Amino acid sequence: MASTMLSLVSASMPLQENHKGKMNLGSSDCGSFLRKEKRNPFMKTKSFGRINMAITVNASRFEGITMAPPDPILGVSEAFRADNNEMKLNLGVGAYRTEELQPYVLNVVKKAENLMLERGENKEYLPIEGLAAFNKVTAELLFGAGNPVIEQQRVATVQGLSGTGSLRLAAALIERYFPGAKVLISSPTWGNHKNIFNDARVPWSEYRYYDPKTVGLDFDGMISDIKAAPEGSFVLLHGCAHNPTGIDPTPEQWEKIADVIQEKNHIPFFDVAYQGFASGSLDADASSVRLFAARGMELLVAQSYSKNLGLYAERIGAINVVCSSSDAAAREEIVSSGFFRLSSSRFLSAHLRVKSQLKRIARPMYSNPPIHGARIVANVVGDPSLFNEWKEEMELMAGRIKNVRKKLFDSLSAKDKSGKDWSFILQQIGMFSFTGLSNFQSENMTNKWHVYMTKDGRISLAGLSLAKCEYLADAIIDSFHNVS
């Protein structure tokens, strides 16, 4: 905080007295003292008649820091809360809501937390890599318990701070051990992806993904850009329910994408934020990742439990790195020959070395991850009864979003007399729909209709109720046809 010092000196005040223990301000010594005193660069002196005023201001060392722009997604919620209109809708943040548009805590989460209370579990620090039980079940959930990459112990799994933190760990690993390697990101993509790689100083470029003419996938453009990328690039892929478009490749297209990535010796990097939440099936939503793993490819996968378990504030996720089996095989050969030196890191399998470096990155970043969400996931996924109950709840959540999507399509089709084809809404999947609205049209949605959304035209169907679908359809039709 800047401070101000005021010093008032009257020129008419007799200052010649020299009291014991005090400076004689009228003496020549005093004048000499004042002349020799180092001048404060922040001191300004103003004269008011016979009174001199000296003002000293201590300027902040942080004066050069500019105001950061508001977050394009989280800022939507702030604006929504400030709006008093009863018809307002918050379709910006991707968080599930009930039909009454209220936050929802899964029943299975409540049961898992009750178990934790009954056991009287402590709050001790976790290891840097996180809760062992969590790391085991999360890798099995992603790849399948019987997957060769699990059985051959080729996966390095480290608990991260949800999807964002897990992506950030992987980005730091790329920056440190693949210097100069570029990450290819879809256009468009989740708003935080670019921030994460920029912060980690990892270069990135975009590949075509969304076709505004069809409001669908630009598959040819995507394949062309992946082919044109420098060999050995990391290709960031959305495992399911692409954010923000809701447009996913077909199984046949995933095969072609894998072909091209293998041909170019690229490394696939999956962001899996909606496993089970997109289609209602954990296995179906993990099929793209499992396809690449089945081909023996090395890959990175970031996971999040914010959406499928509703653990938004627990910040629970993981980074998984699938390594080739060549190092593990070499280690077995060395052991069988009687020559085993644990002290030499080159004799350790690749997944152990990768895991050690992920831990090394995490230590100065946040030391170790939180325990509460990790125990919830471990309890739910690790218990057959709770696991089945979770799958039922996921199906209900995914089903509600599908019903809202269908009702919105029906409302748009019935109300819009222009003949526009709105079927792309049904072809998209997951909690988001990419409406195709422009920046100005999206602003009209907010300014006129009190519908809060991101400026790229994305809406979160998880924040929409069946009762509000017709109102939203009116807003979209008006914005699309009347705002250029």
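Rules behind the numbers
Residues numbered from 1 in each chain as written. Predicted model: local features only at pLDDT ≥ 70, side-chain atom pairs only at ≥ 80, totals over all residues. Heavy atoms only, no water. Helix = DSSP H or I, 4+ residues; strand = E, 2+ residues; numbered from the N terminus. Buried < 20%, exposed > 50% of the residue type's maximum accessible area, 1.4 Å probe, protein only. Contact = heavy atoms within 4.5 Å. Areas by Shrake-Rupley, 256 points an atom, 1.4 Å probe, with all protein chains shown as cover. Core = buried A, V, L, I, M, F, W, Y, C linked by side-chain atoms within 4.5 Å. Axes fitted to C-alpha atoms, helices over the stretch in contact; angles between N-to-C directions. Parallel < 35°, antiparallel > 145°, perpendicular 65-115°, else oblique. Left-handed = near helix turned anticlockwise from the far one by under 90°. Pairing = 2+ DSSP bridges. Right-handed = clockwise from strand over helix to strand, strands pointing away. Salt bridge = Lys/Arg side-chain N within 4 Å of Asp/Glu carboxyl O. Phe/Tyr/Trp six-rings, centres within 6.5 Å; stacked < 30°, edge-to-face > 60°. Lys NZ or Arg CZ within 6 Å of the ring centre and 35° of its normal. Arc of directions from axis to C-beta.

A. The overall build of the protein chain, seen in detail. Each helix and strand counted, the protein chain has 18 helices and 16 strands in total. Sorting the 484 residues of the protein chain into buried and exposed places 49% on the buried side. Intrachain contacts of the protein chain at a sequence separation of at least 6 include 73% that bridge at least 24 residues. Total accessible area on the protein chain is roughly 24700 Å²; 53% of this is exposed by carbon and sulfur atoms.

B. A look at the nonpolar core. Core analysis: the largest hydrophobic core is formed by 99 residues, its most contacted members being Phe143, Leu237, Phe292, Leu309, Trp390, Leu408 and Val451. At ten residues, the largest contribution of residues to this core is made by helix α15 (residues 384-415). Setting aside anything within four residues of it in sequence, one finds leucine 408 in contact with Ile425, Ile459, Leu461, Cys469, Leu472, Ala473 and Ile476. Grouped together as the second largest cluster of nonpolar side chains are 33 residues, Ala170, Val183, Cys323 and Ala362 included.

C. Representation of the side chain of serine 411 in the model. Relative to the helices and strands, serine 411 resides in helix α15. A relative accessible area of 5% places serine 411 in the buried class.

D. Examining the packing of helix α8 (residues 219-228) against helix α9 (residues 251-263) more closely. Put simply, α8 and α9 touch, their axes get as near as 9 Å, and they point 15 degrees apart. On the basis of their axis angle, the class for α8 and α9 is roughly parallel. For the pair α8 and α9, the crossing hand works out as right-handed. The segment α8 lies against α9, with Phe219, Met222, Ile223, Ile226 and Lys227 engaging Gln253, Lys256, Ile257, Val260 and Ile261.

E. Up close: the pairing of strand β7 (residues 204-208). Bridge count for strand β6 (residues 183-187) against β7 is five bridges, and the pairing is parallel. Note on β7: the bridge partner recorded for valine 183 is tryptophan 204. Crossover β6 to β7 through helix α7 (residues 191-199) is right-handed.

F. A look at the pattern of salt bridges. Scanning all chains against the criterion turns up 15 salt bridges. Between arginine 208 and aspartate 225 there is a salt bridge; the shortest N-O distance is 3.0 Å. One end of the pair, arginine 208, is in strand β7; the other, aspartate 225, is in helix α8, and 17 residues separate them in sequence. The partner of lysine 448 in a salt bridge is aspartate 478, with the nearest N and O atoms 3.3 Å apart.

G. Representation of the packing of aromatic side chains in the model. Counted according to the given criterion, the structure contains 15 aromatic pairs. Ring centres 5.0 Å apart and planes at 80 degrees place the aromatic pair phenylalanine 270 and phenylalanine 292 in the edge-to-face group. Placement of phenylalanine 270 in strand β11 (residues 267-272) and of phenylalanine 292 in helix α11 (residues 287-294) is noted, with a sequence separation of 22 residues between them. This pair shows no difference in class: phenylalanine 270 is buried, exactly as phenylalanine 292 is. Each member of the aromatic cluster is reached from another via a ring pair, and the members are Tyr96, Tyr104 and Phe277. For the cation-ring pair, lysine 88 lies above phenylalanine 80, with the distance from its terminal atom to the ring centre recorded as 4.3 Å. Across the ring face of phenylalanine 432, the terminal group of arginine 458 is positioned such that the distance to the ring centre comes to 3.8 Å.

H. Layout of α7. Buried within α7 are the following residues: His193, Ile196 and Phe197. Taken down its axis, α7 places every buried residue within 90 degrees of arc, on the same side. Its buried side turned inward, α7 meets α6 (162-177), β6, β7, β10 (234-238) and β11. Note on α7: the residue one or two positions beyond its end, arginine 201, has a positive phi of about 60 degrees.

I. Summary view of unusual backbone geometry. Cis rather than trans, the peptide bond between serine 187 and proline 188 has omega equal to 5 degrees. Mapping proline 188 onto the fold places it in the loop between β6 and α7. Backbone torsion omega between asparagine 243 and proline 244 reads 20 degrees, so that peptide bond is classified as cis. Topologically, proline 244 is positioned in the loop between β10 and α9. At arginine 201, a residue that is not glycine, the phi angle is positive and equals roughly 60 degrees.

J. Focus on the sheet that holds strand β5 (residues 155-161). A sheet is described by the order of its strands in space; here seven strands give the open sequence β5-β13-β12-β11-β10-β6-β7, paired in mixed fashion. Of all strands in the sheet, those bounded by a partner on one side alone are β5 and β7. Averaged over all adjacent pairs, the angle separating strand axes in this sheet is 25 degrees, with direction ignored. As judged from the seven bridges shared by β5 and strand β13 (residues 316-322), these two strands associate in the antiparallel manner. Bridge pairing in β13 places glutamine 159 opposite alanine 318.

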